[in-house]
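The residues making up each chain are set out below.
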Amino acid sequence: MEKARRASHAGSWYTDNPTQLSDELEGWLKSCGLTKSPNVRGVIAPHAGYSYSGRAAAYAFGNIDATTITRVFLLGPSHHYYTPKCALSTATVYKTPIGDLPIDLEVNEELKATGKFELMDMRVDEAEHSMEMHLPYLAKVFEGRPVKIVPILVGALSAENEAVYGQLLSKYVDDPNNFFSVSSDFCHWGSRFNFMYYDKKHGPIHKSIEALDKMGMDIIETGDPDAFKKYLLEFDNTICGRHPISVFLHMLRSCSTRITIKFLHYEQSSQCKSTRDSSVSYASAAATKVNGSSSE
């Protein structure tokens, strides 16, 4: 029996008009001019409304060569619901205005059987936007191809649990038919976010924000989850997908395939010049298999 998660943010965070949405995504994917690569095994991409981060997200999704991928794991942070664990969806299909994405019930059951996951109430599922904002891009990139998804809501995990989930999920990285879509925005700056870190040596506020974000991005590129954790403890940068990113770094550390992360695009919603301003940063990265690595 079908149990559908509605495209609850369509019509507000992005258009619910299928033609318009399809054209918009196509335009962004074309304009980023990226070459699709079968070696790209995952992305880190933003999840704000498309008028803010839609263009930036294309720099992640534009890398995907859909020909060999049959399953996409989605890792998104929880914005409204507190859990110290990861949670699985109870839906059987996620709807988008441009095509529906069925959930891989077999893998869902497999993960459920570990006893490490809780189940998301449908209200929690539909209230959360972090994974939904990736869905239209995935529906577009995999248009006409059979692909299933495994949505995983990543709660407020301890460092130990990030490692536990990373280890548990790492075996899926070694299957070249699997792909990973990790959802995160970067610095949320301004009084409304209770974060106003400013290092004057970089010049205007927006340059200080950029330097702070780039420091974090550089650390993520090293693939070291411990260094990333240290950076977050030191600067408390408001990267909302810190837990999904950390789990992903642990997955890449524990799997036998060698995969490196590289950021391809960075932008800010606006340039902060005074303490009255606010902005959110968006960064897109590709996780690419290093040729000649083991388990291929």
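Above this note sits the structure.
Quick caveat, the model's predicted, so the values are computed rather than measured.

Each value, and the rule that gives it
- Residues numbered from 1 in each chain as written.
- Predicted model: local features only at pLDDT ≥ 70, side-chain atom pairs only at ≥ 80, totals over all residues.
- Heavy atoms only, no water.
- Core = buried A, V, L, I, M, F, W, Y, C linked by side-chain atoms within 4.5 Å.
- Buried < 20%, exposed > 50% of the residue type's maximum accessible area, 1.4 Å probe, protein only.
- Contact = heavy atoms within 4.5 Å.
- Helix = DSSP H or I, 4+ residues; strand = E, 2+ residues; numbered from the N terminus.
- Polar contact = N/O pair within 3.5 Å; in protein donor to acceptor, adjacent residues only side chain to side chain.
- 1 Å grid on protein atoms, 1.4 Å probe; cavity = no way out; pocket = protein on both sides within 12 Å on 5 of 7 lines; lining within 4 Å.
- Points joined across faces, edges and corners; volume = space filled by probe spheres on them.
- Nonpolar A, V, L, I, M, F, W, Y, C, P; charged D, E, K, R; others polar.

**Focus: the nonpolar core**
Counting residues in each nonpolar core, the largest one holds 49 residues, and the members touching the most others are Leu111, Ile152, Ile220, Phe228, Ile245, Ile261 and Phe263. Not counting the four nearest positions on each side in its chain, phenylalanine 228 is found in contact with Gly216, Ile219, Ile220, Ile239, Arg242, Ile245, Ser246 and Leu249. Ile64, Met120, Val124 and Leu138 belong to the second-largest nonpolar core, a separate cluster that totals 42 residues.

**What about the environment of histidine 188?**
Note on placement: histidine 188 falls in strand β10 (residues 188-189). Expressed as a C-alpha distance, the spacing of histidine 188 and isoleucine 261, which sit 73 residues apart in the sequence, is 22 Å. Apart from the residues within four sequence positions on either side, histidine 188 is in contact with Phe193, Phe195, Thr238, Cys240, Ser279 and Val280. Here phenylalanine 186 takes part through its backbone oxygen, which lies 2.8 Å from a polar atom of the side chain of histidine 188.

**Overview of the layout of surface pockets**
Here the largest pocket is characterised by a volume of approximately 270 Å³. What lines the largest pocket is a set of 16 residues, among which Pro77, Ser78, Cys240, Arg242 and His243 lie closest to the centre. Grouping the constituent residues of the lining of the largest pocket by class yields 7 nonpolar, 8 polar and 1 charged.

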